[in-house]
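Descriptive analysis of the structure
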Amino acid sequence: MADKHDSKISRRDFIAGSSIAFTTLAATGAALSPLLDARETPGIDEILQKHYRRLTTEDKKTIFARLEAEIDKKYSVKANISDPPPMDGVEFAYVLNIGRCIGCRKCVYACMEENNTSRDPQIQYIRVLKIKQGSIDLDSSSHDYPVSEAADPNYFYMPVQCQQCRNPPCIKVCPVKATWKEKDGVIVIDYNWCIGCRYCEAACPYHARRFNFAKPAIAPEEINPDMGYLSNRVRPMGVMEKCTFCLHRTRVGKYPACHDVCPTGARKFGNLRDPQSEVRKILEKERVYVLKQEVGTLPKFYYVFAK
Amino acid sequence: MDETPVRWWLIFLVPLFVLLSFYFLYRTFPIAPAAADPAPLKAEWYTLTTARGEDLANKSMVGNCFICHAYWVPIPRSMENSKPRFAHANITLNHGKNDRCYNCHMISDRNKYVADDGTGIMPQLPELLCSRCHGLIYDDWLNGTHGKWTGMWNPVKKSDRRRYTCTQCHDPHNPAFKYSTLAPPPVWPDKYIRNTGEESNSDPYSNFLIGKEPKESF
């Protein structure tokens, strides 16, 4: 009897040992299970893709075709990805009349619609701050005021979005140079090059950058098929995004979506180098205010108090 | 019997491990419901409308003033009329000191507005009427500071740009700007949302350690 016991594993030991082994296996499985959800595994072309600024026109064509096919597969939407180049002699600027804004937030949703931002978790480029009149005290401002508190004559409403700084902290901190300033002054992101470290989000004094924590969820019928490579194409999970002044619209001469939708005419957009443009005329005449001037970012997004 | 100790605790340990393994297995293959498409945005939150878009379209009388005024209401009661009694009783003027109908409407031709020299202004150009008294704002409007343009920011042709006129945003009889389509606040993760009025840097620990820090103000 005793011999038998020595040579073989007892039943109890077997049961105990195997239950521990099985649990270990299951625990390892549970620990690795997030990988099962990683639907966004990059293809070999995507891994080998070069930085945007090294791409030739030929490269771009194949990349855009690949992205269009991916979008078709994921959302069954026939997208058209374009990449209009910056125009010569053009520097975009935005002017927002705080005296006129009523805080209706239509710009926020027009932007979501135009730029294919994630609906769930919600990503919005524009935050409308409600500020007590008297001083611009951002600390006591709120951007989640309910609808019933909009259009209150005792408050200023101040939409804040990417300020397209001349001296942008966000591009200095990017470890992979995935974000840079274009010739027309707009800061862009190559979503395929971004590694999602979120340094730029921390560096931005305006909280203008957003991170795709999840795969952007958009109903296919809401996707805007008119996409720009650097602006509003559907983003993958895990990259940064932000306002680009609607590059795919403004570089072909249209106004940004938030500008067109504003019912009060508080938003003004144009070419800073053209003395005839409405932004130049306003900047020359009105009281101009720059948000967080003391941090030295030199924004191209100006606030004015005018009628 | 003495050599094999009674390992009584196994009776608890083994079922515990079995349960744990079920738990981990469940964690590995969660029964997640298929993600539904998020609720669509309401179209009214992003479609282009002006404050009086539909209002203007519903004004059936525009251009039809002759039906009555050419034949049977030719003479004004008085030049200083401000409270219409019968036909236009739905109109109440709330335009500050500008409280006379004939400040704006022409007596001899109600389809037109009246200019400073008594001549008519075509009804398609109400901004000329407003410019009589709101000259500065009219200048701003010409420059694009006041009011709104849509279309192209660098127009080549005139049709590239659409310019909204005064009456598309202001009701001439009650001109204070009103707009009623308001969109809801963001539904962001809590960490982005700062509660209104809360002072920054004022959690209990920092209060205790360094006292209240002054608020940043601009």
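Residues numbered from 1 in each chain as written. Chains lettered and ligands numbered in written order. Predicted model: local features only at pLDDT ≥ 70, side-chain atom pairs only at ≥ 80, totals over all residues. Heavy atoms only, no water.

With respect to the overall build of chain A
Each helix and strand in chain A was counted, giving eleven helices and twelve strands. Taken over the C-alpha trace, chain A has a radius of gyration of 25 Å; the compact-globule value for 307 residues is 19 Å, which it surpasses by more than 25%. Principal-axis analysis of the C-alpha atoms places the extent of chain A at approximately 105 × 50 × 40 Å. In chain A, which comprises 307 residues, the share counted as buried stands at 57%. Restricting the contact set of chain A to residue pairs at least 6 apart, pairs at least 24 apart contribute 67%. (Helix = DSSP H or I, 4+ residues; strand = E, 2+ residues; numbered from the N terminus. Rg over C-alpha atoms; globule rule 2.2 N^0.38 Å. Buried < 20%, exposed > 50% of the residue type's maximum accessible area, 1.4 Å probe, protein only. Contact = heavy atoms within 4.5 Å.)

A closer look at the overall build of chain B
Helix and strand counts for chain B stand at seven helices and four strands. Seen in sequence order, chain B has helices and strands lined up from the N terminus as α-α-α-β-β-α-α-β-β-α-α. Each of the 218 residues in chain B was classed as buried or not, and the buried ones make up 24%. The contacts of chain B with a sequence gap of at least 6 include a subset with a gap of at least 24, amounting to 41%.

Examining the packing of aromatic side chains
For the structure on display, the rule yields 17 aromatic pairs over all chains. Ring centres of A:F92 and B:W153 lie 5.2 Å apart, and the angle between their planes is 90°; on these two criteria the pair is classed as edge-to-face. You can see A:F92 sitting in strand β2 (residues 92–97) and its partner B:W153 sitting in the loop between β3 (149–151) and β4 (161–163), one on each of two chains. On the basis of relative accessible area, A:F92 is assigned to the buried category, the value being 1%. (Phe/Tyr/Trp six-rings, centres within 6.5 Å; stacked < 30°, edge-to-face > 60°.)

What about empty space enclosed by the protein?
All names here are of chain A. Across all of its chains, the model carries seven cavities of 30 Å³ or more by this definition. In terms of lining residues, the largest cavity is bounded by 15 residues, among which C101, C104, C107, C262 and R267 are the most central. Across the lining of the largest cavity, the residue classes tally to ten nonpolar, two polar and three charged. (1 Å grid on protein atoms, 1.4 Å probe; cavity = no way out; pocket = protein on both sides within 12 Å on 5 of 7 lines; lining within 4 Å. Points joined across faces, edges and corners; volume = space filled by probe spheres on them. Nonpolar A, V, L, I, M, F, W, Y, C, P; charged D, E, K, R; others polar.)

Things to note about the layout of surface pockets
The calculated volume of the second largest pocket comes to roughly 1000 Å³. Forming the walls of the second largest pocket are 40 residues, and the residues nearest its centre are B:I137, B:H146, B:H170, B:P175 and B:F177. For the lining of the second largest pocket, the secondary-structure elements that each account for two or more residues are β4 (155–160) of chain A together with α4 (126–131), α5 (135–143) and α6 (166–169) of chain B. Here the residues of the lining of the second largest pocket are counted per class, giving 22 nonpolar, twelve polar and six charged.

Focus on the domain arrangement of chain A
Residue and element names in this part refer to chain A. For chain A, the assigned domains read domain 1 (4–79) and domain 2 (80–307). Centre-to-centre separation of domain 1 and domain 2, based on C-alpha positions: 35 Å. Counting residues at the interface gives 19 residues for domain 1 and 24 residues for domain 2. Counting the surface lost from both domain 1 and domain 2, the interface buries some 1900 Å², and carbon and sulfur atoms represent 63% of this. Counting the surface domain 1 buries against domain 2, the share from its top three residues, H51, Y52 and Y75, is 35%. D83 is paired through a salt bridge with K60; the nearest N and O atoms lie 3.3 Å apart. Counting the contacts that link domain 1 with domain 2 gives eight residue pairs in polar contact (both at pLDDT 80 or more). (Domains from an automatic or database assignment. Buried area = accessible area lost by both parts, 1.4 Å probe. Salt bridge = Lys/Arg side-chain N within 4 Å of Asp/Glu carboxyl O. Polar contact = N/O pair within 3.5 Å; in protein donor to acceptor, adjacent residues only side chain to side chain.)

Examining unusual backbone geometry
All names here are of chain A. Of note, the amide linkage connecting D120 to P121 takes the cis form, showing an omega dihedral of 0°. You can see P121 is positioned in the loop between α6 (106–115) and β3 (127–132). Of note in this structure, F245 is not a glycine but carries a positive phi near 55°. Mapped onto the secondary structure, F245 falls in the loop between β9 (240–241) and α9 (247–250).

Re the pairing of strand β12 (residues 301–305) of chain A
Residue and element names in this part refer to chain A. By the criterion of burial, β12 is predominantly enclosed, with four of the five residues buried. In this sheet, β12 lies alongside β2 in parallel orientation, the contact comprising four bridges. In the sheet register, L96 faces β12, and the bridge partner there is Y303. The pairing of strand β11 (residues 287–289) with β12 spans three bridges and is classified as antiparallel. (Pairing = 2+ DSSP bridges.)

Some details on the nonpolar core
Nonpolar side chains in soluble globular proteins tend to be buried together. All names here are of chain A. Core analysis: the largest hydrophobic core is formed by 72 residues, its most contacted members being I126, M158, Y229, F245, L291 and Y303. Elements supplying a minimum of two residues to this core: α5 (57–75), β2, α6, β3, β4, α10 (257–261) and β12. Broken down by element, this core gets its largest block of residues, six residues, from α6. Excluding residues that lie within four positions of it along the chain, L291 makes contacts with L138, M158, V160, Q163, Y206, P299 and Y303. (Core = buried A, V, L, I, M, F, W, Y, C linked by side-chain atoms within 4.5 Å.)

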